[in-house]
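Architecture and fold: a report
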Amino acid sequence: MTSNSPRIPVLIDTDPGVDDAWALLFLAAQPDVEILGLGTIHGNVPTATSAENALRILDVAGLTDVPVAVGAEKPLQQPLDTAEFVHGPDGLGGQAGPASARRPTDESAAEQIVRLARQRPGEVTLLCLAPLTNLALALRMEPSLPSLLRSVVYMGGAIRVPGNLTAWADANSGHDPEAAEEVFRAGLPMTVVPMDVTELAWVDDEFLAAVAAADTPAAAFASRILETYVGVYSALMGRTGCLMHDPLAAAIMLDPSLAEYEERQVVVELAGHARGRTLIDDRGFPGMSSITDGRPPVRIARTADAQTAMARVRQALTGC
């Protein structure tokens, strides 16, 4: 994209969250991206905490004119469940710091999605880094949303790998399976970046040390919030580092050539042990599918150049 090209208008739905924060700081550093707003939702932390964190992150990035809209406080049907044990008591490793002087807007996150899609039909990319409750509610408000949004990029799903919320379900689909199922059957122009791909986005101690050594506000904040998150992943993997799920999805949104894709129908399991699992018919029978309700396929990233993507994230945070 040249300096004379228009910027990409992006609306972000998020639940910050350590890797969400890294993704937001990465996108804030991109001159080709116009961040229209942030909507917040439950997931890593409760929705109100997500909103406070989103404001803090935007302040660090110098984007104090970007509005933050508060989303739904709970999933469509199941009880609220959050992940402070991974992200720290405040979602930012216990290092969130003072509250922003700014406050969220009066409209809900779902209303923000609908308003911006109507105002700029065919232009807005919606990046979903969290449970899909807000998008499901927006679809209920505006059934024409699939034709109004330019694209939806969703970091979620576990197609051929185990989940991280349960043995079968990833956190973003598992924290609101009903919302995910509504979204997957809606016919949105959707790209899914599942755990199959984000598990490639490992950053090691050398990478983290380079970010910590950088003299930028973004790098200082990104490093400060890592202790709990890195501790969980290091204990799990037996080596120092962590997975950067959300930054990889953000990088693929900006440069789709970082991934290779397949077009498949996706259904979300709503009952039993596998509740929240994102399912495809992977038998490979030509013209046959067990998903028979006519839902359109979505584009699923099958593999990705995570090394290049993470190098871009590092450069955005450190400036070098």
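What comes next concerns the included structure.

Analysis parameters
- Residues numbered from 1 in each chain as written.
- Predicted model: local features only at pLDDT ≥ 70, side-chain atom pairs only at ≥ 80, totals over all residues.
- Heavy atoms only, no water.
- Helix = DSSP H or I, 4+ residues; strand = E, 2+ residues; numbered from the N terminus.
- Polar contact = N/O pair within 3.5 Å; in protein donor to acceptor, adjacent residues only side chain to side chain.
- Contact = heavy atoms within 4.5 Å.
- Axes fitted to C-alpha atoms, helices over the stretch in contact; angles between N-to-C directions.
- Left-handed = near helix turned anticlockwise from the far one by under 90°.
- Core = buried A, V, L, I, M, F, W, Y, C linked by side-chain atoms within 4.5 Å.
- Buried < 20%, exposed > 50% of the residue type's maximum accessible area, 1.4 Å probe, protein only.
- 1 Å grid on protein atoms, 1.4 Å probe; cavity = no way out; pocket = protein on both sides within 12 Å on 5 of 7 lines; lining within 4 Å.
- Points joined across faces, edges and corners; volume = space filled by probe spheres on them.
- Nonpolar A, V, L, I, M, F, W, Y, C, P; charged D, E, K, R; others polar.
- Pairing = 2+ DSSP bridges.
- Right-handed = clockwise from strand over helix to strand, strands pointing away.

Turning our attention to the side chain of Glu52. Structurally, the position occupied by Glu52 is in helix H2 (residues 47–61). Within the structure, the side chain of Glu52 is placed 2.4 Å from the side chain of Arg103, a separation counted as a polar contact. Every residue in contact with Glu52, bar those within four places of it in the chain, is listed here: Ala99 and Arg103.

Another point: the packing of helix H1 (residues 18–28) against H2. Running from N to C, H1 and H2 cross one another at 35°; their axes reach a closest spacing of 10 Å. Regarding H1 and H2, the two cross each other, and that crossing is right-handed. Counted together, Ala21, Leu24, Leu25 and Ala28 of H1 and Ile57, Val60 and Ala61 of H2 form the full contact between these two elements.

What follows covers the nonpolar core. Of all hydrophobic cores here, the largest spans 65 residues; its most connected members are Ile12, Trp22, Leu38, Leu127 and Met310. Residue contributions to this core peak at eight residues, all from H1. Not counting residues up to four positions away in its chain, the partners in contact with Trp22 are Phe207, Leu208, Val211, Ala222, Ile225, Leu226, Met244, Pro247, Val313 and Leu317. Counting 33 residues, the second-largest nonpolar core is a separate cluster that includes Ile113, Val183, Met190 and Val268.

On to the layout of surface pockets. One number sums up the size of the largest pocket: a volume of about 480 Å³. Lining the largest pocket are 29 residues, with Val86, Asn164, Ala171, Tyr233 and His245 positioned closest to its centre. Secondary-structure elements contributing two or more residues to the lining of the largest pocket are H1, helix H3 (84–87), helix H7 (171–174), helix H12 (227–237) and helix H13 (245–254). Top element by residues in the lining of the largest pocket is H12. It accounts for four residues. Across the lining of the largest pocket, the residue classes break down as 14 nonpolar, eight polar and seven charged.

What follows covers the pairing of strand S1 (residues 8–14). S1 sits mainly inside the fold: six of its seven residues count as buried. The pairing of S1 with strand S2 (residues 33–40) spans seven bridges and is parallel. By the bridge assignment for S2, Ile8 is matched with Val33. The β-α-β motif built from S1, the intervening H1 and the parallel element S2 has right-handed crossover chirality. Inspection of the sheet shows S1 paired to strand S4 (residues 125–128) by four bridges, in the parallel sense. Bridge pairing in S4 links Ile12 to Leu127.

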